[in-house]
Every structure is written in structure tokens, then in C-alpha cells.
Amino acid sequence: MSGSYRQHDYAAGNALLCRWMFDQGADTAPVIVVPDACVDLLWDGVRLSIAGPDRTAQQALLAAGTRLQGLRFAPAVASRWLGMPLQALADQRIDLRDLGIPHVARVADRMAAHAPDAAMRWLADHLLAGERYRDDAMQYVHARLSTTQAPSIRQLADDVGMTERTLLRRCEDAFGYGPKRLARILRLQRFLGCRRRHGTLLDAALEAGYYDAAQLSGDVRKLTGMTPTRLVAQLAD
């Protein structure tokens, strides 16, 4: 990757997981964005947009020297803040003003009153100090599916007192996709998070909760279109 990335994490229980900044270097090659079950607000100094939940890997192309700042929502918070289901934003990058949501458009308009680097700090403070956009049931679902011993969808539905159909609909609203895809994406992120601790990709896959190399390969291909080896190499570039 040609560029530098910095991240500041917020305490657990807040509306935001982190604030990050990416400075693109001289190389303008596309940057791969791997699905992570997250939704980010993006600020390029002029335009405030939202990156909806990615169902598969995306390519981001930034001009040389571009600075992009982001705020990452905690699980299930973005849909509550927006007041709309996230499946409508899946795989999209949209200017907040184009959503037609008055309170969201007002936030985008107020960004212009701040210097480019100060605007995102203001927005973070605004979101952290504002209403708590909690969805306890969906945050529980996210937490359970984040573990290596994730329950079956039927068991998960029973645990939250829903039918499987209702669980599917609620997950699509809160995360942009159903619980099965959410579980696959979270497992892929576990694999990417622990790969540097292991000498082989298989060992990392087993720690992340994959049964074997074939299951890892199948999930990586479905979510990124690459082999695990190629994905890891590209993220390391």
C-alpha cells in the first residue's frame, strides 16, 4: 500500500469504534477494501459521504497526495443514526446530502464551518456526545458471531427471541446483510487479524474458526475474488 494509515480507537460502548486517517502516497494504484461489517463516514476535506456495508471487496482509487479521514460506527449504530435500513446502502459510497435525511444533511452542511482537519474532530465529538443509538439485540448478534464458537442461526434466533425470518430482516436492516454473510465476514476479519502470529495461513485459519484450508479458500474467494495467499500479499503491499 502506497500511503500511511493512522487510527485512534474509542472506548467500548460508544457510538464510534474509531477515527482514522489515510494519506495517499505518490502511487495511485487502487487500494483494496475488504468487507469488515462496518460503516464509515468519509471526509476528503470537501465532501462528507458514507461508505455502506460491503458485501464483497471493493477497490478505492485515490489521487496522489489525497488525505481521507473516516469515522467508523460501532455495530448496529449507523442504521439507527441514519434512520434507514443499511441494505439500501450496501456496496455504495454516497454523499450524505443525497440521502434526503434532514438531520444528516444538516450535519454535512455544518462540516463546511470547520477547517478540513478540524471538521472530523467536531463530527466525532458531536456523535460521541449525542443520543445513544443502541440496538441491544443486534449488538448481541454481532458479538456472538464474532466468536470462534459462533452459534447456528437457529440457536441465535432463539437466543434473541426471534424467528429466523425476523432475525434475517433485522440483520439486513442493521448490518446490510443477513447473519450468514455477517458471520463469514467477521470470520475473515479474525483470520486477517491473527495471520501475523502464525507461520502458515492454515494455522491462522484454524485459530479464526475455519474448519480447514478449503473452507478458508472458499470464503475468501466469495468475499474478495482472490486466493488467501493473494489477499494477504495484496494487503501487505
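For the structure, check the block above.
In this report, we go over the structure that sits alongside the text. All figures in this text were calculated on a predicted structure; none of them were measured in a lab.

## A look at the pairing of strand 4 (residues 40-43)
- Of the two faces of strand 4, the one holding D40 and L42 and the one holding L41 and W43 are both buried throughout.
- With four bridges joining them, strand 4 and strand 5 (residues 48-51) adopt antiparallel strand pairing. The partner of L41 across the bridge, within strand 5, is I50.
- Here strand 4 pairs with strand 7 (residues 67-73) via four bridges, running antiparallel. Across the sheet, D40 pairs through a bridge with R72, a residue of strand 7.

## Notes on the sheet that holds strand 5
- What the six strands build is an open sheet, ordered 1-2-7-4-5-8; its pairing is antiparallel. This sheet does not close on itself; its edge strands, each paired only once, are strand 1 (3-9) and strand 8 (93-95). Each neighbouring strand pair of the sheet contributes to a mean axis angle of 25°, computed without reference to strand direction.
- Inspection of the sheet shows strand 1 paired to strand 2 (residues 16-24) by seven bridges, in the antiparallel sense. In the strand pairing of strand 2, H8 is matched with R19.
- With respect to the sheet, helix 3 (residues 116-129) is in contact with strand 2, strand 4, strand 5 and strand 7, its orientation differing from that of strand 7 by roughly 5°.

Cut-off values and rules
Residues numbered from 1 in each chain as written. Predicted model: local features only at pLDDT ≥ 70, side-chain atom pairs only at ≥ 80, totals over all residues. Heavy atoms only, no water. Buried < 20%, exposed > 50% of the residue type's maximum accessible area, 1.4 Å probe, protein only. Helix = DSSP H or I, 4+ residues; strand = E, 2+ residues; numbered from the N terminus. Pairing = 2+ DSSP bridges. Axes fitted to C-alpha atoms, helices over the stretch in contact; angles between N-to-C directions. Contact = heavy atoms within 4.5 Å.

Coordinates in, geometry out; function isn't part of it.
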